[in-house]
Amino acid sequence: MYKCPNCGAELNFDIASQKLSCEYCLSQFTPEELNQLGQGKKVEPEEDFYEAEIFKCPSCGGEITGLKGAMLDYCPYCSASVMLEGRTGKIKSPVKIIPFKLTRAQAAQAFTQFASKNHFAPKSFYKSHATDSFRGIYMPYWSFNATSNGPINVDEIEVLDHSQGRYDYYYKYKLTGNLDMSATGEIHDAAANLPDEISTNLGVYDTKDIVDFHTGYMSGLYADMDDVPPEVYWSESNTNAKNAMESVIKNRIKDKMGEDDRIKGAGTASFKTNIKFDIETKSDLFMYPVWFMSRKTNDRVPRICYSAVNGQTGQVTGDLPVDMGRFSIQWIITSLILAAVIGLLFTVRPMQLMAYTCLADMIAGLMYYYQCKKVSIKEQHFNDVGYLAVYNGEGKPVSSAENNKRLKDMTGNSASYGCLLSMFVTIVVFFTAFAGGSSAVRASISSLILSAIGLVYCAFLTLKSRKYIQAATALKATHGYLWLNISLLICLAVRIWNPHGDLPWYIASVVAGIACALSFFELIKAHNLLTSRPMPQFNRPAREGN
C-alpha cells in the first residue's frame, strides 16, 4: 500500500488521471515518481514474486489479491457480503499490465445500456444500486509468442500451366531455406475462477496501452490468481501459430511465383504436402483490466449471474436471465392478439387447428432439447478449459484438445441429426396435408401421420435428453417433456377416434396449446439456468510461492 509523501494518507490509482492520487491533499504521483521518492518500485521481469494480501472467501473458497494492507468485504464470485479472510503471501509477477481506462461509473453506464436492450431482463440487474457492486479486478492472461528460426522445407508445389484433353500440365517446385518468423498476440485466460465464455466475450485488448508491470497500478484495486498453467493451452497455441505462419508463407510463395515470367498467368499454386518447420513457443503472464460484478438470484436454490465490462475498451458481457413475470404478461398479450388475427382473417378447421398445435409442440420440444444440452455442457464445465485444468479432481491439467474430445464424446451427433430429420419429415407431411386445395381424405390421413410422428419424435427427444438431465442437477426440476408427450398422446388418441363433432378436436387443440405454453415456461427456466451458474465452491490447490 502506498502512502502520500505530503500527508501520509493512502494513495489509490486514479483511473481518470492514470496516476496515484491522495483524496485528502489531492496530490498525484506517477508510479515512477514514487520510485524516485523511495516508495515501491517497478517489478522487474526477473523477479518472480511480489508481496500482496491474499483474500479467501469463507463461503465459496474463491481467492483474490490486493496490495499488502488492503481489505475486502465482498466476494466477487459468490456475492457474499462478508469480511474475507486475508493472509500475506507472494504472488507471481506479471510481465506487462494494461491499466484501467474506464471508471466504475463508465463501466456501470455501459452495462446498463447493454442490459436495458434485453426486454425481458430483470430491472434489478441494472439499477444504479446494483451496478455499484462492480469491482475493479485485474485478470491474468497467458500471452503466447511463437518463433521459428531454422530450416524450412516445402516438399512439393504445383502450378497449373494448362490443360489439354484429359491431361493437366504443371510446373513443379521444391523449396528449402531458413525461416525467421514470429507470431505474437494470442492470449488465454489464466484464472480458473473466471468462466472462459466471460473472458472470450470481453473481446480483444489493445496492446497500445500496455506497460511494464508496476504494483502502483493495483493500488485500490484487486487481481485474480493465475492458477491455470500455460501448458493447458500450448497445443492449441502451437497449432494456431503454425497455421498462421503457413498461411503467410504460402501467400509469399504465390507472390514470388507471380513475378516469374515463365509461369505468369499460368494459374494458382497448390501445396500438395505440408510445409515443414519447427516452432518454439514461450508464454508470459499479463494483467488486463475487468470491471466484474456477481448477482445472486432470488430462486429457492440461489444461483449466481456474472457480468463483466472490459476495463479498457468498454466491451460488455453478462448473464441476463429472463424475468418470468414480464415474459408471462408478454406471452398472454401476444397469444391473444395472434388468436384474434387468425380468427378474423382465416377459417381454420378443427383438424387443422390440432395439427398446428402439434407442430408447435414439436418445435418447442426441439428447442427444449437443445437448451437442456447447453445447460448440461455448461454445468459440467465442458466450455471452461481453465476451470477443468484446476478443478477436474484428477490432479493434472486437461488440455483444450482433450476437452474438445470429451465434449464430442458426450454430445455426439446422432440425436442432432435425428431431430433435424424428424422435423424435416414433419414439415413435409404438414404442408402436404394442409396446403390449399388438399382433399379432406388426404388431410385426414396426413394428420394421423403427423400426430404419430409428433408423439414418437417427442418421446425420442425425451430419451436422448435423459443423459443431459441426469448430468445437470439443476435440470432435474424441469418437466417440459412431460406436458408435450401427454398432449401429443391425447391428440393421437383423438385422431384415431376421429369423432364427427368439433368439440373433441378443439379440446385436444387447447390441451396441446397449454402444453406448448407450459413447455415454453420450462424452456425459460432452462434458459435462466443457462444464464446463471451454481453457487461456486472453489477448492484451489496449494501453489508454490503462496
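Numbering of residues starts from 1 in each chain and follows the order in which that chain's sequence is written. Local features in a predicted model are, by the rule used here, given only for residues with pLDDT of at least 70; side-chain atom pairs are given and counted only at 80 or more, and totals for whole chains, interfaces and linings are based on all residues. Only hydrogens and water are removed before side-chain values are computed, so all heavy atoms of the structure are retained for them.

Peer 1: Tell me about helix α7 (residues 350-379), residues and numbers included.
Peer 2: For the purposes of this entry, the term helix denotes a DSSP run of H or I that reaches at least four residues, the term strand denotes a run of E that reaches at least two, and both are numbered from the N terminus. Expected helix span is taken as 1.5 Å per residue step, with the number of steps being one fewer than the number of residues. Look at α7: 43 Å from first C-alpha to last across 30 residues, which is about the 44 Å you get at 1.5 Å a residue. Type-normalised accessible area, obtained with a 1.4 Å probe on protein chains alone, sets the label of each residue: buried when under 20%, exposed when over 50%, and partly exposed for intermediate values. Among the 30 residues that make up α7, 23 are buried, leaving the element largely enclosed by the rest of the structure. A positive phi of about 65° marks His381, the residue just after α7.

Peer 1: Tell me about unusual backbone geometry, and please be specific about residues and values.
Peer 2: Positive phi outside glycine occurs at Leu26, with the angle close to 65°. Positionally, Leu26 belongs in the loop between β3 (19-22) and β4 (28-29). Relative accessible area serves as the criterion here: at 66%, Leu26 is assigned to the exposed category. Unlike most non-glycine residues, Ser79 shows phi in positive territory, near 65°.

Peer 1: Break down the pairing of strand β5 (residues 49-56) for me, with residues and values.
Peer 2: Taken together, the 8 bridges between β5 and strand β7 (residues 85-92) define a ladder with antiparallel strand orientation. Across the sheet, the residue bridging to Phe49 is Lys92, located in β7. Pairing analysis gives 4 bridges linking β5 to strand β6 (residues 63-66), with the strands arranged antiparallel. Among the inter-strand pairings, Phe55 is bridged to a residue of β6, identified as Ile64. Here, strands pair whenever DSSP counts at least two bridges between them. Counted between consecutive antiparallel strands, the loop separating β5 from β6 contains 6 residues, among which Gly61 sits at a positive phi close to 85°.

Peer 1: Help me get a handle on the sheet that holds strand β2 (residues 10-14), residues and values and all.
Peer 2: The strand order across the open sheet built from 4 strands is β1-β2-β3-β4, with neighbouring strands paired in antiparallel fashion. Unpaired on one side and paired on the other, β1 (2-3) and β4 mark the two borders of the sheet. In the sheet, β3 pairs with β4 via 2 bridges, with the strands oriented antiparallel. Counterpart to Leu20 in the pairing with β4 is Phe29.

Peer 1: Kindly report on the packing of aromatic side chains, identifying the contributing residues and their values.
Peer 2: Ring pairs are drawn from Phe, Tyr and Trp, using the six-membered ring of Trp, whenever the two centres fall within 6.5 Å, and their geometry is named by plane angle: stacked under 30 degrees, edge-to-face over 60, tilted for the rest. Throughout the structure, instances matching the rule amount to 16 aromatic pairs. Both rings, one in Phe55 and one in Tyr222, keep their centres 6.3 Å apart while their planes meet at 75°; by these two values the pair is edge-to-face. Here Phe55 is found in strand β5, whereas its partner Tyr222 is found in strand β12 (residues 222-224), with 167 residues between them in sequence. According to the relative accessible area criterion, Phe55 is buried, its value standing at 2%. Take Tyr222: its relative accessible area is 14%, and that puts it in the buried class.

Peer 1: Residues and numbers for the nonpolar core, please.
Peer 2: What makes a nonpolar core is a set of buried Ala, Val, Leu, Ile, Met, Phe, Trp, Tyr and Cys residues whose side-chain atoms join them at distances within 4.5 Å. Counting 42 residues, the largest nonpolar core has Cys75, Tyr77, Met139 and Phe292 as its most contacted members. At the level of elements, β9 (135-164), α5 (231-258), β15 (280-296), β16 (303-310) and α8 (385-391) are the ones that each hand at least two residues to this core. Not counting residues within four places of it along the chain, the set of residues in contact with Tyr77 comprises Cys60, Glu63, Met139, Asn193, Asp224, Phe292, Ser294, Ile304, Tyr306, Pro536 and Phe538. Grouped together as the second largest cluster of nonpolar side chains are 39 residues, Phe13, Phe134, Trp291 and Met293 included. Contacts were defined at the residue level, with two residues in contact if any of their heavy atoms lie within 4.5 Å.

Peer 1: How would you sum up the side chain of Asp224? Please name residues and give values.
Peer 2: Among the structural elements, Asp224 can be located in strand β12. For this analysis, a polar contact is any N or O atom pair within 3.5 Å, provided that within protein one partner can donate a hydrogen and the other can accept it, and provided that sequence-adjacent residues contribute only side-chain to side-chain pairs. Side chain to side chain, Asp224 and Tyr77 meet in a polar contact 2.3 Å long.

Peer 1: Let's hear about the pattern of salt bridges: which residues, and what values?
Peer 2: For this document, the term salt bridge refers to a Lys or Arg side-chain nitrogen within 4 Å of an Asp or Glu carboxyl oxygen. This structure, assessed with the given rule, holds 7 salt bridges. Among the salt bridges present, the one from Arg87 reaches Glu63, with a minimum N-O distance of 3.7 Å. Residue Arg87 is found in strand β7, and its partner Glu63 is found in strand β6; the two are separated by 24 residues along the sequence. Here Lys96 ties to Asp212 by a salt bridge, and the two come within 2.6 Å at their closest N and O atoms. Here the residue Lys96 occupies a position in strand β8 (residues 96-97), and Asp212 occupies one in strand β11 (residues 211-212), the gap between them amounting to 116 residues. On the basis of relative accessible area, Lys96 is assigned to the partly exposed category, the value being 27%. Take Asp212: its relative accessible area is 36%, and that puts it in the partly exposed class. It is possible to trace a salt-bridge network through shared partners that takes in Glu197, Asp319, Lys378 and Arg533.

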